[in-house]
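Okay, here's what each chain looks like letter by letter:
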Amino acid sequence: MQDPALKNQSRGRPLSDAERAFAEALERIYETGEHDFAKVAEKLNERGEPRPSGESGAWTLEILDAELKAINASHDAAHAEHGIGA
């Protein structure tokens, strides 16, 4: 059993509301069995999901990659500054 104190150890900071909504949208898509990122981007468009960055425009494979990398970089920076377990 996992130690509850370690529940959020991989987070460098809390998720923003936009990141949480994005994560939930990804989970709904993955639940359908879709895991190909190009098709995930298509599904995000079909569902009208906003980008967590707040930028507008259609989802593409490149945009999905950039959004995920930006979120990861933000968490990495928070880890560097504050440690783990936000």
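Refer to the structure printed above.
Rules and cut-offs
- Residues numbered from 1 in each chain as written.
- Predicted model: local features only at pLDDT ≥ 70, side-chain atom pairs only at ≥ 80, totals over all residues.
- Heavy atoms only, no water.
- Helix = DSSP H or I, 4+ residues; strand = E, 2+ residues; numbered from the N terminus.
- Polar contact = N/O pair within 3.5 Å; in protein donor to acceptor, adjacent residues only side chain to side chain.
- Contact = heavy atoms within 4.5 Å.
- Core = buried A, V, L, I, M, F, W, Y, C linked by side-chain atoms within 4.5 Å.
- Buried < 20%, exposed > 50% of the residue type's maximum accessible area, 1.4 Å probe, protein only.
- Arc of directions from axis to C-beta.
- Phe/Tyr/Trp six-rings, centres within 6.5 Å; stacked < 30°, edge-to-face > 60°.

Checked against the element boundaries, Glu67 lands in helix α3 (residues 61–82). Within the structure, the side chain of Glu67 is placed 2.6 Å from the side chain of Ser53, a separation counted as a polar contact. If we skip the residues at most four places from it in the chain, Glu67 touches Arg51, Pro52, Ser53 and Trp59.

Our next topic: the nonpolar core. The nonpolar side chains of soluble globular proteins are, as a tendency, buried together. If you look at the biggest cluster of nonpolar residues, it comprises 10 residues: Phe22, Ala25, Leu26, Ile29, Val40, Ala41, Leu44, Trp59, Leu64 and Ile71. Elements with a minimum of two residues in this core: α1 (17–31), α2 (37–46) and α3. If you tally residues by element for this core, the top one is α1, at 4 residues.

Here we come to α2. Looking only at α2, the buried set comprises Val40, Ala41 and Leu44. Down the axis of α2, the buried set is contained in an arc of 100 degrees. They therefore lie on one face. Each element contacted by the buried residues of α2 is listed here: α1 and α3. Looking at the residues trailing α2, positive phi occurs at Gly48, about 70 degrees.

This part is about the packing of aromatic side chains. This structure, assessed with the given rule, holds 1 aromatic pair. Ring centres 5.4 Å apart and planes at 5 degrees place the aromatic pair Phe22 and Trp59 in the stacked group. Of this pair, Phe22 sits in helix α1 while Trp59 sits in the loop between α2 and α3, and the two are 37 residues apart along the sequence. For Phe22, a relative accessible area of 4% translates into the label buried. Its relative accessible area of 4% is what places Trp59 among the buried residues.

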